[in-house]
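Each chain is listed here by its residues.
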Amino acid sequence: MNMSDSSILRAPVEQVFAQDLSRLAEKDSGPRPDGWLLSPRAVRGFILGDDKLGVKRKFYGDDALIDRCIVTLMSSRGLLLVGEPGTAKSMLSELLTAAISGHSACTIQGTAGTTEDQIKYSWNYALLLAEGPSPRALVRGPIYEAMQKGKLCRFEEVTRVQPEIQDCLISLLSDKVLHVPELDGDEATVFAARGFNVLATANIRDRGVHEMSSALKRRFNFETVRPINDRKLETQLVREQTEALLKHANVDVDFGNDVVELLVTAFQDLRNGVTAEGIVVEKPTAVMSSAEAVAVGYAAGLDAHYFGNGSVAGEHIARQLIGTVLKDNPDDGKKLRHYFDVVVKQRAQKQAQWKRVLDARRELDR
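Conventions we followed
Residues numbered from 1 in each chain as written. Predicted model: local features only at pLDDT ≥ 70, side-chain atom pairs only at ≥ 80, totals over all residues. Heavy atoms only, no water. Helix = DSSP H or I, 4+ residues; strand = E, 2+ residues; numbered from the N terminus. Buried < 20%, exposed > 50% of the residue type's maximum accessible area, 1.4 Å probe, protein only. Contact = heavy atoms within 4.5 Å. Areas by Shrake-Rupley, 256 points an atom, 1.4 Å probe, with all protein chains shown as cover. Lys, Arg positive; Asp, Glu negative; His and termini not counted. Charge placed at Lys NZ, Arg CZ, Asp CG, Glu CD. Salt bridge = Lys/Arg side-chain N within 4 Å of Asp/Glu carboxyl O. Polar contact = N/O pair within 3.5 Å; in protein donor to acceptor, adjacent residues only side chain to side chain. Expected span 1.5 Å × (residues − 1). Core = buried A, V, L, I, M, F, W, Y, C linked by side-chain atoms within 4.5 Å. Pairing = 2+ DSSP bridges. Axes fitted to C-alpha atoms, helices over the stretch in contact; angles between N-to-C directions. Parallel < 35°, antiparallel > 145°, perpendicular 65-115°, else oblique. Left-handed = near helix turned anticlockwise from the far one by under 90°. Nonpolar A, V, L, I, M, F, W, Y, C, P; charged D, E, K, R; others polar. Phe/Tyr/Trp six-rings, centres within 6.5 Å; stacked < 30°, edge-to-face > 60°. Lys NZ or Arg CZ within 6 Å of the ring centre and 35° of its normal.

Peer 1: Which parts of the structure should I look at to understand the overall build of the protein chain?
Peer 2: Across its full length, the protein chain carries 17 helices and nine strands. Dimensions of the protein chain along its principal axes, counting C-alpha atoms only, are 80 × 45 × 40 Å. The 366 residues of the protein chain split such that 48% are buried. Look at the contacts in the protein chain between residues 6 or more apart in sequence, and 71% of them connect residues 24 or more apart. With an accessible surface of roughly 18300 Å², the protein chain has 49% of that area assigned to carbon and sulfur atoms. Taking the average place of the 47 positive charges on the side chains of the protein chain and the average place of its 50 negative ones, the gap between the two points comes to 4 Å.

Peer 1: Where do I start with the pattern of salt bridges in this structure?
Peer 2: Opposite charge on two side chains allows them to pair when their charged atoms are near. Applying the stated criterion across every chain yields a total of 23 salt bridges. Close ionic contact of Asp-34 with Arg-194 constitutes a salt bridge, the shortest N to O distance being 3.7 Å. One end of the pair, Asp-34, is in the loop between helix H2 (18-27) and helix H3 (40-48); the other, Arg-194, is in the loop between strand E7 (189-191) and strand E8 (197-203), and 160 residues separate them in sequence.

Peer 1: What should I look at first to understand the side chain of Glu-223 in this one?
Peer 2: Mapping Glu-223 onto the fold places it in strand E9 (residues 220-224). According to the relative accessible area criterion, Glu-223 is buried, its value standing at 9%. In this structure the side chain of Glu-223 is engaged in a polar contact, spanning 3.0 Å, whose partner is the side chain of Arg-68. Residue contacts for Glu-223: discarding those within four places in its chain leaves Leu-65, Arg-68, Cys-69, Leu-79, Leu-80, Leu-81 and Val-82.

Peer 1: Mind showing me how you'd approach helix H14 (residues 290-307) here?
Peer 2: Since one α-helical turn is 3.6 residues long, residues separated by three or four positions face the same way. Taking 1.5 Å per residue as the helical rise, H14 with its 18 residues ought to reach 26 Å, and the 25 Å between its terminal C-alpha atoms agrees with that figure. Listing the buried residues of H14 in full gives Ser-290, Glu-292, Ala-293, Val-294, Val-296, Gly-297, Ala-300, Gly-301, Asp-303 and Ala-304. On the buried face of H14, the contacting elements are helix H12 (231-248), helix H13 (257-272) and helix H15 (314-326).

Peer 1: Even after reading the chapter, I still don't get the nonpolar core, so can you show me in this structure?
Peer 2: The nonpolar side chains of a soluble globular protein tend to be buried, and buried together. Core analysis: the largest hydrophobic core is formed by 38 residues, its most contacted members being Val-312, Ile-317 and Tyr-339. With eight residues, the single largest contributor to this core is H13. Ignoring anything within four residues of it in the chain, the contact list for Ile-317 reads Phe-255, Val-259, Leu-262, Leu-263, Val-296, Ala-300 and Val-312. Core analysis: the next-biggest nonpolar cluster, separate from the first, contains 36 residues, Ile-143, Leu-173, Met-212 and Leu-216 among them.

Peer 1: I tried to follow H15 on my own but got confused; where do I start?
Peer 2: Between its first and last C-alpha, H15 extends 18 Å over 13 residues, near the 18 Å set by a 1.5 Å rise per residue. Within H15, burial applies to Gly-314, Glu-315, His-316, Ile-317, Ala-318, Leu-321, Ile-322, Thr-324 and Val-325.

Peer 1: Honestly, the pairing of E8 in this entry has me stumped. Any pointers?
Peer 2: For a regular strand, side-chain orientation follows a simple rule: the groups alternate between the two sheet faces. For E8, a buried count of seven out of seven residues is recorded, marking the element as mostly surrounded by other parts of the structure. What you see with E8 is no split at all: Asn-197, Leu-199, Thr-201 and Asn-203 on one side and Val-198, Ala-200 and Ala-202 on the other are buried throughout. Summarising the sheet, strand E1 (residues 78-83) and E8 pair through five bridges and their orientation is parallel. Bridge assignment links Leu-79 to a residue of E8, and that residue is Leu-199. The pairing of strand E5 (residues 152-156) with E8 spans four bridges and is classified as parallel. Bridging across to E8, Leu-152 finds its partner in Asn-197.

Peer 1: Before we go on, may I ask you to explain the packing of H13 against H14 in this structure?
Peer 2: When two helices pack together, their arrangement is given by the angle between the helix axes and by the axis-to-axis distance. At a closest axis distance of 10 Å, the pairing of H13 and H14 adopts a crossing angle of 140°. Here H13 is positioned oblique relative to H14, judged by the angle of their axes. The handedness of the crossing between H13 and H14 comes out as right-handed. On H14, the residues that touch Leu-263, Phe-267 and Arg-271 of H13 are Ser-290, Glu-292, Ala-293, Val-296 and Gly-297. Residues of the contact of H13 with H14, tallied by class, amount to four nonpolar, two polar and two charged.

Peer 1: Sorry, what's going on with the packing of aromatic side chains here?
Peer 2: Given two aromatic rings, their pairing is described by the distance between the two centres and the angle made by the two planes. All chains considered together, the criterion is met by three aromatic pairs. Pairing Tyr-121 with Trp-123 gives two aromatic rings, centres 6.0 Å apart and planes at 90°, and the pair type is edge-to-face. Neither residue differs from the other here; Tyr-121 and Trp-123 are each classed as buried. Taken together, a centroid distance of 6.4 Å and an interplanar angle of 75° make the contact between Tyr-339 and Phe-340 edge-to-face. Here the two residues Tyr-339 and Phe-340 agree in accessibility, since each one is buried. For the cation-ring pair, Lys-58 lies above Phe-46, with the distance from its terminal atom to the ring centre recorded as 4.4 Å.

Peer 1: How should the packing of H14 against H15 be read in this particular structure?
Peer 2: In the contact formed by H14 and H15, the axes pass within 8 Å of each other and the chain directions differ by 135°. The orientation of H14 relative to H15 falls into the category oblique. Along this stretch, H14 crosses H15, giving a crossing that reads as right-handed. Along the contact surface, H14 presents Glu-292, Val-296, Ala-299, Ala-300, Asp-303 and Ala-304, while H15 presents His-316, Ile-317, Arg-319, Gln-320, Leu-321 and Thr-324.

Here is the structure:
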């Protein structure tokens with residue numbers, strides 16, 4: 001079934017930025033590794049932007065990190081992006097995969113229930129019983145497809161998978177060969193085509209995370225994706241991402257600069273444990289990432305559109321912020337109340353939007 005972009009809840013990166021990829025490919029004259037759709041320089045331009053070609057920046061953070069990631073993906077080692085939740089590891093892996101392979105949906109989503117056959121291959125058991133082991137009965141997993149076609153395979157949340165299942169990647173990354181012992185002859189062995197590699201992500205603080213074995217760690221280069229500390233960059237990111245989500249939802253609201261700055265300021269205060277004025281606040285255990293800030297901004301926009309007058313204000317941010325902070329640990333409520341009583345109350349005396357935040361908090365406390 002063909003679906004238009006407007007009917008898809010979340011289109012893949014290669015569709016969303018198809019014009020950027022086409023423009024870069026047309027002008028790409030740099031050396032290109034075997035199996036790559038774009039040269040490393042064009043991949044960098046896709047992610048960090050290319051003013052000459054009108055390609056916008058998509059990742060805000062450490063530019064040198066992107067160069068290291070691209071170099072790793074050209075090597076024989078896999079790439080593992082680690083960091084706090086919400087630091088855009090998954091987004092970066094999707095951008096890299098779309099630019100290098102042109103297809104970002106070859107993905108394994110790691111969970112406690114992920115099994116080896118979901119990673120490598122399984123069988124159509126009706127055909128297996130009727131015909132025995134055959135290529136027709138084989139159900140190819142993401143790793144099988146990536147090796148056969150010379151593509152990148154994304155492995156999201158690899159450390160959520162049981163260690164004994166994780167370790168099935170060791171031989172695949174070392175030998176670049178997948179064995180299917182049930183089949184005979186040439187069909188029993190899949191040699192990785194040029195362009196194959198594994199791009200994995202892992203959180204460093206969530207519950208339910210398993211330690212990787214030393215042998216598997218050696219097959220990856222680790223790169224840490226850190227939160228954005230530059231307020232200007234984070235404000236730009238939150239605005240662009242929030243507006244893109246609202247546009248996709250056909251929601252037209254007024255999201256003023258003062259409200260976006262308020263949102264980013266509140267998140268940076270709670271993330272860093274200190275305000276720009278030097279006031280120390282307790283950090284909540286909840287993740288106060290840029291991704292969460294975008295989620296709060298998006299929810300505030302929906303609130304303003306459907307229940308307000310179409311203008312996002314401090315009270316909309318306050319309502320969504322409270323839910324974000326309290327979802328992990330009820331004790332964070334005390335920390336948030338302290339933040340309102342000390343920081344928000346002080347700012348409310350000078351700025352109208354902060355006063356609306358404070359008033360909304362008082363309404364919720366009733």
